[in-house]
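# Overview (structure and organization)
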Amino acid sequence: MMQLNLTKVDYTQVGVTFPKSMKLLPPTGKKDPTQKVAVADQNGVLQMFGVKKGEIVPIFKTVPGQKISRLCLGGAAGGAKDKIFISSYAEVKGFTKKGKQFLGFDTNLTESIKNMDVQGADLLITGNYIFNHYRDCKDTDYYLCGDKINDIISLPLETVPELTPVLACQDRALRVLQVGGQI
């Protein structure tokens, strides 16, 4: 029987995080071999660092703010998901991979954002029971779910002709929605 001897290596430390608040960014090409990681914590700090030849390379770090509950990646439809989106209470912010904020959007929801997904110009967010769809920061659709929503994804636009959100709910059901109503 083969045994592995594992050792701990600390590359960096971040604050306490919520689930799904760390993402690995897609590689930018052969010119930049740095693997980039974005992490958001409960101190309201978003930071991105790279790992190049086993060394940590800090890319950017925001100032502390409100607790960040979710982090997801987005980008132009059909393109690389290289933009970073974070949610804090009912607000969504977008950052470039260099740390410049390009979006600050207050959703005016009464409950905090629990889950989020971005597909091109479409922003899909949920609270505990409410799903909202925004296109270009304009509220276009909503759905009141009869059960608690645990997560959301949208089917890739390369495989389906239109935006198709999928809600994973507490009752172990997947609710597939269509723009304009529920299926």
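Scroll up for the structure.
Residues numbered from 1 in each chain as written. Predicted model: local features only at pLDDT ≥ 70, side-chain atom pairs only at ≥ 80, totals over all residues. Heavy atoms only, no water.

So, on to the pattern of salt bridges. Inspection of every chain in the model, using the stated rule, returns 5 salt bridges. Here Arg 70 ties to Asp 151 by a salt bridge, and the two come within 2.9 Å at their closest N and O atoms. Separated by 81 residues along the polypeptide, Arg 70 in strand 5 (residues 70-74) and Asp 151 in strand 13 (residues 149-154) bring together distant segments of the chain. Of the two residues, Arg 70 and Asp 151, both sit in the buried class. Residues Asp 82 and Lys 83 are paired through a salt bridge, measuring 3.9 Å at the closest nitrogen-oxygen approach. (Salt bridge = Lys/Arg side-chain N within 4 Å of Asp/Glu carboxyl O. Helix = DSSP H or I, 4+ residues; strand = E, 2+ residues; numbered from the N terminus. Buried < 20%, exposed > 50% of the residue type's maximum accessible area, 1.4 Å probe, protein only.)

Quick look at the sheet that holds strand 12 (residues 138-144) now. Strand order in this open sheet of 4 strands is 9-10-11-12, and the pairing throughout is antiparallel. Every other strand in the sheet has two partners, leaving strand 9 (115-119) and strand 12 as the edge strands with one partner each. Sheet twist, expressed as the average angle between the axes of neighbouring strands with direction ignored, equals 15 degrees. (Pairing = 2+ DSSP bridges. Axes fitted to C-alpha atoms, helices over the stretch in contact; angles between N-to-C directions.)

Judged by nonpolar contacts, Leu 25, Ala 38, Ala 40, Leu 46, Met 48, Phe 60, Ile 68, Leu 71, Leu 73, Ile 84, Ile 86 and Phe 95 together constitute the single largest core of 12 residues. Here Leu 73 is in contact with Lys 23, Leu 24, Leu 25, Pro 26, Lys 81, Lys 83, Ile 84, Phe 85 and Val 118, once residues within four sequence places are set aside. Membership of the second largest hydrophobic core comes to 11 residues, among which are Cys 72, Leu 103, Val 118 and Ile 125. (Core = buried A, V, L, I, M, F, W, Y, C linked by side-chain atoms within 4.5 Å. Contact = heavy atoms within 4.5 Å.)

Let's shift gears to unusual backbone geometry. Although it is not a glycine, Lys 20 sits at a positive phi angle of roughly 60 degrees. As for its placement among the helices and strands, Lys 20 is situated in the segment before strand 1 (22-24). Backbone geometry at Asp 136 places phi at a positive 55 degrees, although glycine is not the residue there. Tracing the backbone through its elements, the reader meets Asp 136 in the loop between strand 11 (130-135) and strand 12. Asp 136 sits in the exposed class, given a relative accessible area of 52%.

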